[in-house]
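Geometric and topological summary
The chain contents come next:
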Amino acid sequence: MNNIPREEYPRPDFVRDNYTSLNGEWDFGFDDDDLGLRLRWYENTCNDKRASGNETIDQYFDKKIIVPYTYLCELSKINDHNFHDIVWYRRKVIFKRTMPNSRFILHFGAIDHIADIWIDSDHVCHHEGGNTPIDIDVTDSVSNKEEHVITVRAFDDSFDFESTRGKQFWEKRSSGIFYTRTVGIWQSVWYEEVPGTYLKSVRITPDLDERMIEIDMKIEGSKDAKAGVSISLKGTKLLSDEIVIRNGRAKVKYWLDSAVTLDWHHQESWTWSPETPVLFDVEYTIEALNKDLEVGSLEDFKDNPKYDSPPNLESDSAQNTNDIKADFDNDSYKDAYKDRVKGYFAFRKINVVNGKILLNNRPYTMKMLLDQGYFRKGLLTAPTDDDLRKDIEYTKSMGFNGVRKHQKVEDPRFLYWADKLGLLVWGEGPSSYEYSQTAVERHTKEWLEILRRDYNHPCIIAWVPLNESWGVHEILDREDEQAHSLALYYLIKSIDRTRLVISNDGWTHTRSDIVTIHDYSGDRQELTDRYADIDNIKRLFPGGHALFARGYEYHGEPVMVTEFGGISYCKDGTEGWGYTAAGDEEDYLKRFRDVVEPLLKSENVQGFVYTQLTDVEQEINGLMTYDREFKVSPDKIREIVNGQ
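Residues numbered from 1 in each chain as written. Predicted model: local features only at pLDDT ≥ 70, side-chain atom pairs only at ≥ 80, totals over all residues. Heavy atoms only, no water.

**Considering empty space enclosed by the protein**
- One pass over the structure, following the stated rule, counts four cavities of 30 Å³ or more.
- Roughly 90 Å³ of volume is contained in the largest cavity.
- Every residue lining the largest cavity is counted, 16 residues in all, and those nearest its centre are Lys408, Val409, Glu410, Gly427 and Asp454.
- Going through the elements one at a time, strand E25 (424–428), helix H6 (437–454) and strand E26 (460–464) are the ones with two or more residues in the lining of the largest cavity.
- Taken together, the residues that form the lining of the largest cavity break down as eight nonpolar, two polar and six charged. (1 Å grid on protein atoms, 1.4 Å probe; cavity = no way out; pocket = protein on both sides within 12 Å on 5 of 7 lines; lining within 4 Å. Points joined across faces, edges and corners; volume = space filled by probe spheres on them. Helix = DSSP H or I, 4+ residues; strand = E, 2+ residues; numbered from the N terminus. Nonpolar A, V, L, I, M, F, W, Y, C, P; charged D, E, K, R; others polar.)

Shown next as C-alpha cells:
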C-alpha cells in the first residue's frame, strides 16, 4: 500500500513523467537554542562537545514529521503549537541515474520562511521567502554515489513583522482575523532526473484577438538545441513544429486556424471562462544539437537500462563511443535523450474598456468568494489534492464564478483545478505589517517569484500586491509608501500585461485597474443607498479609511465590493465571530440576501467578493464550516447569487 501523502505531480502546468516524490516521513528536530549551524547538524558526525564520542547527530533529530505538513498541524503527526522558530529536517534519498549525463533537479514547493539546504555536508541552497518554490540543480553533489542525505534548516521568526506573513499570527493561539502560524516545509518536495539539455521554463502569452500564442522557452545544458512543439485541442492536433534554439532561448508565435474545428466560429468553443474552461494541450521536446555533450562518459552507461547489453568498457574506448553515438541516432534510443514536458494554455482575455470589465471582450460580472485556503488538519496545506478540487466545486455549486485567494500564494494544484474546472482567481500575496527598506525588498523579491511561477495559469485574472494598507499603514500621506504601492503596480504590469492589478485592495488606492471597497454593513437599505450613485461611492470612507491616497482620485475605473457580508452562523458548536450574526437558517438566508441583492442591483458595482467560503478557526462567517459542510443548501445560496 502506498502511503505517500500528496504524491500527485506538484507542478501541473509543467509536467514531466520521470519524477520522485519526497513527501512522507522525515527525521525532524526543534532547534530552539539555535545550535544546529554551530554544531553542524547537516553532517553525519556529532560536533557537540557535551556529547560522548559514540553519539551522532541523530539525537537532535528526535522526532518524525510527515512532509509537506507543518509541525503545527495534525497531519504532520506532531501538532505542537508552541513557538519553535528554527526547525530541521533530514531524509536519506536514492538518486539513481537512468540516462547518461543527466541532471538531478531538487524541488521544494515552499518553505516558510528562510531555508538552508544541504546534500550530505554540501550546502546547495539558501532561500528567503516562505511562499515561492525552490529549484536546485544538485547533480554535482550526488554524482559520486546513489544514496545521500538531504538536510533542511528552516527559520521563521514568529515576531518578524517585516516578513510576508499574511494571516499567520504572532501569538500562540489564533485570534481575531489571524490564524495559526506555519513554519518550515508546507508544499510538496520532489526531484526530477532530466537529460543534460532540458527545458528550464516556458512562458505562454495568448492573444485572443489575433488567435496567436507566444511561447518563450529557456533551456539549460547545451545552449544549442532542437525543440519540438505540439499543440492539440480535445485530442485533435492543431500544430506541430520543430525549431532550433540558439544561445539557450527561443521565442515563437503561432497562429491557430479556427477552421480546423468546425464549431470554432462560436467563441465559447475556444475561449476560457468559468462557463467554458477550454484548455489547449501543449507538449515540448528538447534535444541537444551537440550529441557529444549528451552522451557524456562511458561510465554513465554501465547500468543504463536502455541497453539490453551495456557497452564493453574494457575494449577500445573510441570504438565504444562511436557505437553509442550510432545508437543515439536510432529512433529506439533517441527518445532517451530528449526532455519531454507537458503543459497547457488557454485563450483568455481580461481588460477594462470605458470603465467596464470585459472577459474575452464581453462584459462580465465577477461573483466571487474570499478564500483563505486554510484546512483544519493541514492549515495552509490541503490534506489531499481532492480537497483542493472540491473547494472549487463547492464554490461553483453556490453560483460563484471566482475566488480571491486571501493573503496566500496558493498551491499550484489549486490553480490547475481552477484552470481545468473554470474558476476565476485573484492572486494575492501575503503582506508584511511594518514598512521598511527590508520589508520592501522582501515584498518585491517575492512578487517577482510569484509572477514567474504562476504566469501561465489562465484562471488568474488579477493580482493583489497589497491589502487594506497592511505594511503601508501611512499610505494616505506618506509618499514613500505610496511609491511602494505604485512601484508594485507598475512592476507587475511591466512583467504581466495580460492581467489587472489592484494596488491596495479595500481602500486608500493609488493606481488600480479596479477600485475595490471593503464594506461589512449588514443593512440592506444602507447598502442600496450607498451604491446607487457614483458620487456617493467616491465619497466613501470604507472601514474609516479614504478611498484614495492623498494626491490620487477616481478616474472612471470599475468599482467592485471585494469584501462584504461575513455573516456568522454556527452549525457545529464552534465558538467564534462574524461581522453580523444569524440565529437560524431562515435568518441567515435573509441576511445573505440583504447584502447581496443591493450589489447585484447597483449599476455602479461590477462585481463582488463575499466573505467567505469556509469558517476558519475562530471565524465562523463562512458559507461552509471549517470541515466543509454546507450551512444551508447550496441551491438556495445559488438562487440569491444569481438574482433569483
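The rest of the description comes next.
**Side note on the side chain of Asp505**
- Mapped onto the secondary structure, Asp505 falls in the loop between strand E27 (500–501) and strand E28 (515–518).
- In this structure, Asp505 is in contact with Arg404, Trp426, Val464, Leu466, Asn467, Glu468, Thr516, His518 and Thr562, ignoring residues within four places of it in sequence. (Contact = heavy atoms within 4.5 Å.)

**A look at the layout of surface pockets**
- In this structure, the largest pocket occupies an estimated 1,200 Å³ of space.
- Residue lining of the largest pocket: 47 residues in total, with Asp135, Lys200, Ser201, Arg452 and Arg453 positioned closest to the centre.
- Counting residues per element, the lining of the largest pocket draws most heavily on strand E13 (residues 198–207), at seven residues.
- Its residues assigned to classes, the lining of the largest pocket comprises 19 nonpolar, ten polar and 18 charged.

**Details of the nonpolar core**
- Membership of the largest hydrophobic core comes to 80 residues, with the highest contact counts inside it found for Met366, Phe400, Trp426, Phe592 and Tyr610.
- Here the element with the most residues in this core is helix H10 (residues 585–601); it accounts for six residues. (Core = buried A, V, L, I, M, F, W, Y, C linked by side-chain atoms within 4.5 Å. Buried < 20%, exposed > 50% of the residue type's maximum accessible area, 1.4 Å probe, protein only.)

**Some thoughts on the sheet that holds strand E5 (residues 103–108)**
- An order of E1-E12-E5-E9 is seen for the four strands of this open sheet, with the pairing classed as antiparallel. Each edge of the open sheet carries a strand with a single partner, namely strand E1 (19–21) and strand E9 (134–137). Sheet twist, expressed as the mean angle between neighbouring strand axes with direction ignored, is 20°.
- Relative to strand E12 (residues 189–194), E1 is paired through three bridges, and the arrangement is antiparallel. (Pairing = 2+ DSSP bridges. Axes fitted to C-alpha atoms, helices over the stretch in contact; angles between N-to-C directions.)

**Focus: the sheet that holds strand E2 (residues 24–30)**
- Reading across from one edge, E3-E2-E4-E10-E7-E8 is the order of the six strands in this open sheet, with antiparallel pairing throughout. Each edge of the open sheet carries a strand with a single partner, namely strand E3 (63–67) and strand E8 (122–128). When the angles between neighbouring strand axes are averaged without regard to direction, this sheet yields 25°.
- Where E2 meets E3, five bridges bridge the pair, whose relative direction is antiparallel. Following the sheet pairing, Glu25 is matched in E3 by Ile66.

**Regarding the pairing of strand E7 (residues 114–119)**
- Of all six residues in E7, six are buried; the element is thus mostly enclosed.
- Burial along E7 is two-sided: Ile114, Asp116 and Trp118 facing one way and Ala115, Ile117 and Ile119 facing the other are all buried.
- Pairing between E7 and E8: six bridges, direction antiparallel. Bridge pairing in E8 places Asp116 opposite His126.

**Observations concerning unusual backbone geometry**
- For the bond running from Val67 to Pro68, omega is 20°, close enough to zero to count as cis.
- Checked against the element boundaries, Pro68 lands in the loop between E3 and strand E4 (86–94).
- In this chain, Thr611 is followed by Gln612 through a cis amide linkage whose omega measures 5°.
- Relative to the helices and strands, Gln612 resides in the loop between strand E32 (605–611) and helix H11 (634–641).
- For Arg40, which is not glycine, the phi dihedral falls at a positive 55°.

**Observations regarding the packing of H10 against H11**
- Following both chains from N to C, one finds H10 and H11 inclined at 25°, their axes separated by 9 Å at the closest point. As summarised for this structure, H10 and H11 are arranged roughly parallel, according to the angle between their axes. Every pair of crossing elements has a handedness; the one defined by H10 and H11 is right-handed. Touching Glu585, Leu589, Phe592, Arg593, Val596 and Leu600 of H10 are Lys636, Ile637, Ile640 and Val641, all from H11.
- Of the residues in the contact of H10 with H11, the class split is seven nonpolar, no polar and three charged. (Parallel < 35°, antiparallel > 145°, perpendicular 65-115°, else oblique. Left-handed = near helix turned anticlockwise from the far one by under 90°.)

**Focus on the pattern of salt bridges**
- The final tally for this structure, using the stated rule, is 49 salt bridges.
- Among the salt bridges present, the one from Asp454 reaches Arg453, with a minimum N-O distance of 2.6 Å.
- Among the residues examined, Asp454 registers a relative accessible area of 4% and is labelled buried.
- Classification of Arg453 by relative accessible area gives buried; the value is 15%.
- A salt bridge links Asp496 to Arg499, with the nearest nitrogen and oxygen atoms 2.8 Å apart. Accessibility classification places Asp496 together with Arg499 in one group, the buried group.
- Salt bridges sharing common partners tie together Arg524, Lys590, Arg593, Asp594 and Glu597. (Salt bridge = Lys/Arg side-chain N within 4 Å of Asp/Glu carboxyl O.)

**Considering the pairing of E4**
- One ladder, built from four bridges, connects E2 with E4; its direction is antiparallel. Looking across to E4, one finds that Phe30 is bridged to Val87.
- Across nine bridges, the pairing between E4 and strand E10 (residues 147–155) is antiparallel. By the bridge assignment for E10, Trp88 is matched with Arg153.

**Here's the deal with the packing of aromatic side chains**
- In this structure the tally under the stated criterion is 40 aromatic pairs.
- Between Trp170 and Phe178, the aromatic rings sit 4.9 Å apart at their centres with planes inclined by 55°, giving tilted as the arrangement.
- In this structure Trp170 comes out as partly exposed when scored by relative accessible area, which is 21%.
- Classification of Phe178 by relative accessible area gives buried; the value is 13%.
- Seen in terms of ring centroids, Trp170 and Tyr433 are 5.7 Å apart; in terms of plane orientation they differ by 65°. Their pairing is edge-to-face. (Phe/Tyr/Trp six-rings, centres within 6.5 Å; stacked < 30°, edge-to-face > 60°.)

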